[in-house]
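# A closer look at the structure
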Amino acid sequence: MIKLTFLFFSLFIYHTTSYACVKTGANFLSFYSSYEKEEAHFFNSSTGQLIAPRFVLSGCSKTNRKFLQFSIGIVEDYIDNGSNVTAIHENFTPASCQLSGSPFKKPQTVEEIQSNFKKKLKQLTKCFEITVKDVGGTPLSFDEQTYCKMEGNNLSGGVCYFGIQPQSAFLFEIKHKNECLKREFFEQNKLDPTDFVAQISFNVTDSSDGSGANMKTISSIPIRISNNPDTKLVLSSEDLGRNLPLFPGKWNIPDVHFGKINISLNGNTLDFQAPFAVDNRCESKCSKGVCSSPCHYSSPIAAELELYEIPPKPVVSSDDDDDFFDDFDDFGSDNDNFKANDKEDNELKKPRYITSWYSGGVAQGNWQGIIPGRKIILDDDELEGERRYRVIAKFRDPKMDYQFLQKEYQSILPSIPDLSAAVMSASLPSISPGTSNSLNRIADMLGSMSLAGNDGITSVTRAIAKFHNLLSYSNWPVYVDKACDRNGIKCKRPAGKPNLQIALDFDLKEVEEMGQTKLVPSNFDIWQKSSILGDFHKEPKQLPEVDCGRGDM
């Protein structure tokens, strides 16, 4: 049984010399369990085919007298989910960041984040068993370690080191314990059905305790772990009967707002990014010590975005808000139907359409924070200072919107398995220019990752893991039967029209800083229209953004 005992931040320092070790086995794993059916399976997330969770590391002759580091932990998104950490310590403390300008009534506390993490960690440590053998014909080289124990072939520890011999071939196997397929297990351990991401990492280092500066990644394998919803607590998705997991069939629409708009000049082009501030938390239902809700599960955050230039902000009374919402449904689909809220003595103007695209990501269960979303590139004359603009996001059906987002990414990226093989098989400088450009594009589109510096491999593997979650999970998101408010009370069947629309109006100011011209959004109006969540209009002084310079959350 794994017993994780401290926090491990992956730091991979790469060099041009390859360590030659090769991993065989899946690059990504998916697992689900159901205590109602008392069954569990590892499977291929793209095809649904059942697979054996085994990995072999071999061909390590060039790494003689070095050490193989094996680690496993929970992947925790920061408040900005463009970055994350693999945490294995039960006293995991989130980064000291807060959501400045938060639009949420109940900010998520450190204690809440830690409580959610401990539940995931407990399930990982109690239910999954790791075994290792050196099948290369030499005895397994394992010395007593502070953070890893072995009983027979069973590992117990979050980070383990093994000596590498010329003939070494390490066979790792993952097993799920049958006692975790009982509802009583969840009751006794105060666990809830949920889903989360764990990660296995294989590294080569020149020291047996990680103290050396030389560390090289061989492979990083995300594992999505899902528990079928308790059907007495949560409406479940359709059972396709193919040994595949179930997810909530009710979509409690997350509380979504626009975050701080990011605009940067890049030669003759502009990078434009409209992040989402997301609260994926809602009320739980409980029975016999087990609680659950649709928000215990990851939620797709995907929408069609449209960008317009609009007339300058008029001076209007609060009554004119109703006029805006009367035209809101037609705004974007037919520009002639939208009437700006100009004063009567002003010339009636129409918005100028600029572009549209799909953006978003994935919000972990019971998570609150910023999803950076996708950057788009505009000609530098598309946005100008001293003008007013509107960006609008339309959330229709979570599966449909997410599929459109997938298609946009897939149209401009090579396959994820090809990228993974390129990254994991050799050092970064040996990756072909075409693949390297694609990796940079992935990192850039995720919003907060870079391939520069000593953490280049880390950024690549995290980017690939996120894009696998985004692109390759064929049976998620599911078709939902209902779209509901945060409490799951007011519901309706998803339809062609948006279930939620949010809009942000802003002035664009030109600001000179150190000889550079910057475009700075200001003077905000935000709007929401939803037959389920209701309508509102606000004029915030600032938009939500991650601030890591003000102490703890």
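For the structure itself, consult the block above.
Read on for an overview of the structure.

### Focus: the overall build of the protein
Counting its regular elements, the protein contains seven helices and 32 strands. Within the protein, buried positions represent 54% of all 553 residues. Long-range pairs, those at least 24 residues apart, make up 74% of the contacts in the protein with a sequence separation of at least 6. Of the roughly 23900 Å² of accessible surface on the protein, a fraction of 47% belongs to carbon and sulfur atoms.

### Brief notes about the sheet that holds strand β16 (residues 255–258)
As summarised here, the arrangement of the three strands in space is β16-β19-β24, forming an open sheet in which the pairing is antiparallel. Every other strand in the sheet has two partners, leaving β16 and β24 (367–371) as the edge strands with one partner each. Between one strand axis and the next, the sheet turns by 15 degrees as a mean value, whatever way the strands run. Relative to strand β19 (residues 276–280), β16 runs antiparallel, the two sharing four bridges. Residue pairing in the sheet places Val256 in a bridge with Val278 of β19.

### Focus: the pairing of strand β29 (residues 500–513)
On any regular strand, side chains alternate: one points to one face of the sheet, the next to the other face. In this sheet, β29 lies alongside strand β26 (residues 387–395) in antiparallel orientation, the contact comprising nine bridges. Each residue of the ladder has a partner; that of Phe395, found in β29, is Leu500. Sheet topology places β29 next to strand β30 (residues 516–529); 12 bridges connect them, and they run antiparallel. Considered in β30, the bridge of Ala503 is made with Trp527. Hairpin connection, β29 to β30: the antiparallel pair is bridged by two residues, and Met514 has positive phi, about 50 degrees.

### Focus: the pattern of salt bridges
All chains considered together, the criterion is met by 24 salt bridges. Note that Asp230 is salt-bridged to Arg183, the shortest N-O span being 3.3 Å. Of the two residues, Asp230 sits in the loop between β14 (215–227) and β15 (250–252) while Arg183 sits in helix α2 (residues 183–188), which places them 47 residues apart along the sequence. Exposure remark for Asp230: the relative accessible area of 1% places this residue in the buried category. For Asp507, the salt bridge identified is with Arg388, shortest N-O distance 2.8 Å. With a gap of 119 residues between them, Asp507 in strand β29 and Arg388 in strand β26 connect regions that are remote in the sequence. We classify Asp507 as buried; its relative accessible area is 13%. We classify Arg388 as buried; its relative accessible area is 4%. Taken together, the shared-partner salt bridges connect Glu309, Arg352, Glu382, Glu384 and Arg387 into one network.

### Some words on the state of the cysteines
Disulfide: a covalent bond connecting the sulfur atoms of a pair of cysteines. Counting across every chain of the model gives six disulfides. Two residues, Cys127 and Cys180, share a disulfide whose sulfurs are 2.2 Å apart. On the S-S bond that ties Cys127 to Cys180, the torsion sits near -100 degrees, and the link is left-handed. Of the two residues, Cys127 sits in helix α1 (residues 110–127) while Cys180 sits in the loop between β12 (170–176) and α2, which places them 53 residues apart along the sequence. Residues Cys127 and Cys180 agree in their burial class; the two are buried. Across the disulfide from Cys282 sits Cys295; the S-S distance is 2.1 Å. Classification of the bridge connecting Cys282 and Cys295 rests on its S-S torsion, roughly 120 degrees, and on that basis the disulfide is right-handed. Residue Cys282 is located in the loop between β19 and β20 (285–287), and its partner Cys295 is located in the loop between β21 (290–292) and β22 (299–310); the two are separated by 13 residues in the primary sequence.

So, how was this worked out
- Residues numbered from 1 in each chain as written.
- Predicted model: local features only at pLDDT ≥ 70, side-chain atom pairs only at ≥ 80, totals over all residues.
- Heavy atoms only, no water.
- Helix = DSSP H or I, 4+ residues; strand = E, 2+ residues; numbered from the N terminus.
- Buried < 20%, exposed > 50% of the residue type's maximum accessible area, 1.4 Å probe, protein only.
- Contact = heavy atoms within 4.5 Å.
- Areas by Shrake-Rupley, 256 points an atom, 1.4 Å probe, with all protein chains shown as cover.
- Pairing = 2+ DSSP bridges.
- Axes fitted to C-alpha atoms, helices over the stretch in contact; angles between N-to-C directions.
- Salt bridge = Lys/Arg side-chain N within 4 Å of Asp/Glu carboxyl O.
- Disulfide = S-S within 2.5 Å.

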